[in-house]
Structures are given as structure tokens and as C-alpha cells.
Amino acid sequence: MKDALNTGDTAWMLVSASMVLLMTPALALFYGGMVRSRSVLNMMMMSFGAMGVVGVVYVLWGYSMSYGPHSIGGLFASPLDLFGLRGAITDSAGNYVMSGSYPTVVNVAFQMTFAIITVALISGAIADRVKFSTWLVFSGLWVTFAYFPLAHQVWGGGLLSGSADRLAARQLGNARSGGDVTAAVAPIDFAGGTVVHINAGMAGLVLALVVGKRIGFGRVPMRPHNLPLVMLGAALLWFGWFGFNAGSALAANGTAGVAWVNTTAATCAAMLGWLATERVRDGHATSLGAASGVVAGLVAITPAAGALSPIGALVLGAVAGSLCALAVGLKYRLGFDDSLDVVGVHLVAGLWGTIGIGLLATRTGLFYGGGFRQLVVQLIIAFAAVVLSGVVTTVVGLALRALMGWRVSSDAEAAGIDQELHAESAYDWSNLAGGLGAAFGGALGKSLHGANAAPVPLAAGLGGPTVPVDPAGSAVTKTHPHKEARS
């Protein structure tokens with residue numbers, strides 16, 4: 001019998017897809033605020049570049065590799081069956097192909113946004129130092145050989161999915177039975193703990209090692225240049241994440257409502273957990289910590305949003321916030337330069353969220369009387385995601401290092417890569433200096449020489465003249481006391 005169109009489900013899935021797509025520009029703001037001002041445009045361009053490359057690749061062969069009808073050894077689906085979405089939109093009679101209660105093309109839109117954000121997440125681990133061209137090539141290769149196969153294995157009826165009927169299973173909150181890993185319980189990844197966050201976090205770790213450290217890492221302060229931008233990005237990520245998690249119910253139903261509430265509960269608890277850890281460890285709670293705690297909670301609840309009670313979500317989130325607050329310091333102890341804490345947040349929280357299901361799932365979790373079986377299964381899929389991502393990223397990363405090179409020149413890195421790679425700067429200091437110089441110079445001239453005096457140009461180190469000139473035209477030899485160098 002042909003599936004009936006449910007306009008409510010269709011509308012919800014299109015809204016959810018739009019919300020998830022918004023997450024990538026939100027990530028650009030979040031990451032952009034965390035880097036230094038001289039590389040903010042490049043950081044944001046890495047997210048936008050991922051959107052461009054992955055959006056094209058997903059239409060051509062990505063959906064087919066993830067959800068095509070013919071699985072190749074349970075590892076990935078054939079990239080040719082639905083190449084260019086041929087056969088995924090309409091059938092031979094011109095009718096829309098259906099996926100449950102909405103057209104398959106709507107599912108294409110939703111799943112595409114997941115692939116885009118996953119690749120963009122990786123960029124934070126290698127901020128400030130890589131070639132934009134190499135990043136674009138990496139994006140296409142990595143999403144093909146790491147993301148699409150893992151999406152197929154977990155959600156597309158592959159080795160780790162526990163069910164060949166992927167859409168029906170996800171509509172039931174991924175509470176699959178009769179899985180390939182074990183007949184007793186099935187793996188649970190509601191919205192992307194393995195496919196998105198462990199996958200991206202492990203890739204970030206490998207790339208940080210392959211690319212190497214930033215110049216001055218561990219010796220030179222590399223503070224966020226715009227914390228309000230970071231907090232705005234985190235807020236927009238939180239909003240978009242409701243499409244990410246509640247949308248993964250694949251219907252406008254009660255499971256979507258549970259996922260929404262659990263997402264909020266875990267995120268609030270994680271933010272408080274991060275801030276409490278900061279307060280005890282450092283003596284103060286920071287805005288960067290609040291924003292990072294929000295993301296840690298969102299990551300942790302992603303695989304578990306449909307499987308936990310709200311109380312379980314609070315516990316999962318609180319632990320995630322504290323755990324990630326401690327984990328982000330590991331890069332200094334272990335000596336790898338994960339620029340924006342992709343490893344400390346996405347890998348750590350992704351692992352905890354995926355494994356925590358085995359403890360806190362309301363039906364099969366250890367703390368709810370389900371024994372150790374679910375926990376073992378969750379450990380297996382987490383380990384599989386780590387291995388697959390690690391191997392693929394190592395091969396692709398090393399190949400690109402040999403063929404194209406990853407690093408910009410040391411001079412470009414030291415000066416800031418926005419100008420080198422994009423011929424732009426995020427902030428036009430020269431215009432700012434001109435406006436400030438005219439205003440303050442005019443006021444200074446009047447105060448020194450009377451109401452009709454000419455303005456005194458200021459040498460503030462922002463692009464104005466380095467030697468001020470007095471009204472008579474003679475050079476003022478003394479350097480202005482407010483001049484300062486800018487890095």
C-alpha cells in the first residue's frame with residue numbers, strides 16, 4: 001500500500017532541515033569569535049566552504065552512498081543507484097517517492113544538512129594555519145569516505161544499524177530490534193553521536209596531529225577576539241539543534257517532543273556543570289565557558305535524545321559539562337594543538353553521550369534494570385566510529401599533505417591568514433582610525449590652539465600618520481603617547 005502524505009510531518013521536516021542548515025553559519029560565528037581577529041574570515045570561510053562542497057557532493061552521490069537501496073557489505077551503499085538523486089524524487093509515473101509519511105526529497109534535504117555541519121565541525125581543530133584550497137579538497141574526500149559510510153552503517157541499514165528498515169526505525173526513536181551486532185538489543189544513535197560528533201571529533205584529533213601546531217602554541221596567548229560573537233553563535237546553534245534532535249524523530253509526534261525537552265534539559269545542565277567546574281578550578285565562571293558548556297550538552301544529548309527521561313538528560317548533561325571542561329586542557333598536557341577544542345567537546349561529549357545511553361536509557365540502560373547488554377553495544381559502535389574516522393582521516397590527511405600541503409607559510413600565519421588567503425580583513429582599522437583621528441584630532445587641536453586651529457592628526461597605530469603635524473606645518477618630533485603596536 002502506498003504511503004499517505006502527512007502534511008504536518010512534511011512541514012516539520014522541512015522546518016527542521018532549515019534549522020539544521022542554520023547551524024553551520026551559527027558555527028561560523030561561534031568559531032569565528034574564538035580565533036584571533038586576523039584569521040576570523042578564514043575561520044568562517046571554512047564553514048561556508050564546507051557548505052558549498054558537501055552540498056554539491058551530497059546531491060551527486062552522498063545520499064546514494066548513505067541511503068541507497070543496495071548495500072555493499074554493510075559498509076556503504078552504491079553511489080550510482082541514486083546518483084544525482086535519480087529515482088529518489090519521483091517514480092516512473094511522475095509521483096513523488098515517499099519515505100514514510102513525507103516525500104523522500106524532504107529526507108534528502110534533512111540528511112544533507114547533517115553531512116554539512118559534520119564536516120564544518122572539524123575545521124575548528126586546525127584553525128589559523130591551513131590552506132583554504134586543501135581544506136576544500138579534504139571536505140569532499142572526507143565526507144565521501146568517512147561520513148557517508150558511517151551514516152549508512154548506523155542509519156542506513158548497514159552493519160551498525162540493527163535494522164534494514166532505516167526510516168521506520170528512526171521514526172520509532174531508533175529503538176531497533178534484531179540488530180546485526182546483537183540479537184538482544186540494538187545500537188542507539190538517535191541523531192548523530194557516532195555519525196556526527198565522534199566522527200568529527202576523531203577527525204579533528206587526527207588532523208591536528210597531521211597539520212601540526214600553530215606558531216607560538218603554548219607560549220603565545222591566543223585568546224578569543226570576540227566573545228559576544230561566540231555567545232551569539234552558541235545561541236543560534238542551540239536553536240538549530242532542535243531541528244537536529246527533535247527533527248530526528250522524523251515526524252511531528254511525541255518522540256519529537258521528548259527529544260526537544262531532553263535537549264533543553266541536558267544543555268542547561270551542561271552549561272551549569274561547565275561553569276561550576278570553572279568556578280572550583282579557576283575561581284571564576286566565564287562567558288566562553290557558558291557557550292562551550294551549551295555546545296557540550298547539545299553534543300552529549302544528540303545520540304540519546306529519544307532514549308532518555310528528562311531526569312536522565314539532566315544527569316547526562318551535567319556530567320558532559322564538567323567532563324568537557326576538564327578535557328579541553330588535555331591538549332596542553334598531551335601536546336596537540338586542537339585550536340578550538342573540537343576534541344575536548346565533540347569527541348569527548350560524543351563518546352560520553354553514546355556510551356551514557358547504556359547507563360541511562362529508560363528501557364535497556366543499566367541503571368534502569370536493563371543489564372550490561374546495551375552498554376556493550378554502545379561501546380562497540382563508539383569504538384567502530386573512532387576507528388573508521390581515525391583511519392580514513394589519517395589516509396586522506398597524509399595524502400593531501402604530500403600532494404597539496406596543509407600549512408600556509410610561516411610569514412602568512414604570523415601576519416594573519418585572512419589577507420594572505422582571501423585578500424580581506426574582518427575589520428577595517430584604517431577607516432576606524434580615520435574617523436577617530438578626525439574627531440579626537442579636531443578636539444585636541446582646538447584645546448591646544450584655540451577654536452579656529454587646524455585638527456591635529458593622531459598616530460594611534462590604526463593606520464593614521466605616524467608623525468603628527470602641528471598647525472604651522474612643522475613636524476612634531478615627540479611620539480604620541482597613545483600610539484601602540486597591534487599584533
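In this text the structure is predicted, and so the values were computed from the model without any measurement.

Helix and strand counts for the protein chain come out as 16 helices and four strands. Looking at the protein chain as a whole, 55% of its 487 residues are labelled buried. With an accessible surface of roughly 19500 Å², the protein chain has 67% of that area assigned to carbon and sulfur atoms.

Moving on: the pattern of salt bridges. Taken as a whole, this structure holds seven salt bridges when the rule is applied. A salt bridge links Lys331 to Asp341; the shortest N-O distance between them is 3.0 Å. Of the two residues, Lys331 sits in helix α11 (residues 330-334) while Asp341 sits in the loop between α11 and α12 (342-360), which places them ten residues apart along the sequence. One exposure class covers both Lys331 and Asp341, and it is buried. Several salt bridges share partner residues, and in doing so they unite Arg36, Asp128, Arg129, Arg214 and Asp337 into one network.

Next up on the list: the confidence of the model for the protein chain. Considering every residue of the protein chain, the mean pLDDT works out to 87; 83% of them sit at 70 or more. Confidence drops under a pLDDT of 50 for residues 163-183, and excluding neighbours within four residues, the segment shows 58 contacts in the predicted structure. Segment residues 456-487 is flagged for pLDDT under 50; beyond a separation of four residues in sequence, or across chains, it makes 44 contacts in the model.

A contiguous nonpolar surface patch, about 450 Å² in accessible area, is contributed by Val137, Leu141, Phe145, Leu403 and Met404. Inspection of the secondary structure puts Met404 in the loop between α13 (373-403) and α14 (410-415). Note on Met404: relative accessible area 31%, which makes it partly exposed.

Conventions adopted
Residues numbered from 1 in each chain as written. Predicted model: local features only at pLDDT ≥ 70, side-chain atom pairs only at ≥ 80, totals over all residues. Heavy atoms only, no water. Helix = DSSP H or I, 4+ residues; strand = E, 2+ residues; numbered from the N terminus. Buried < 20%, exposed > 50% of the residue type's maximum accessible area, 1.4 Å probe, protein only. Areas by Shrake-Rupley, 256 points an atom, 1.4 Å probe, with all protein chains shown as cover. Salt bridge = Lys/Arg side-chain N within 4 Å of Asp/Glu carboxyl O. pLDDT = per-residue confidence, 0-100. Contact = heavy atoms within 4.5 Å. Patch = residues over 30% accessible without salt bridge, like charges linked within 9 Å, V, L, I, M, F, W, Y side chains within 5 Å.

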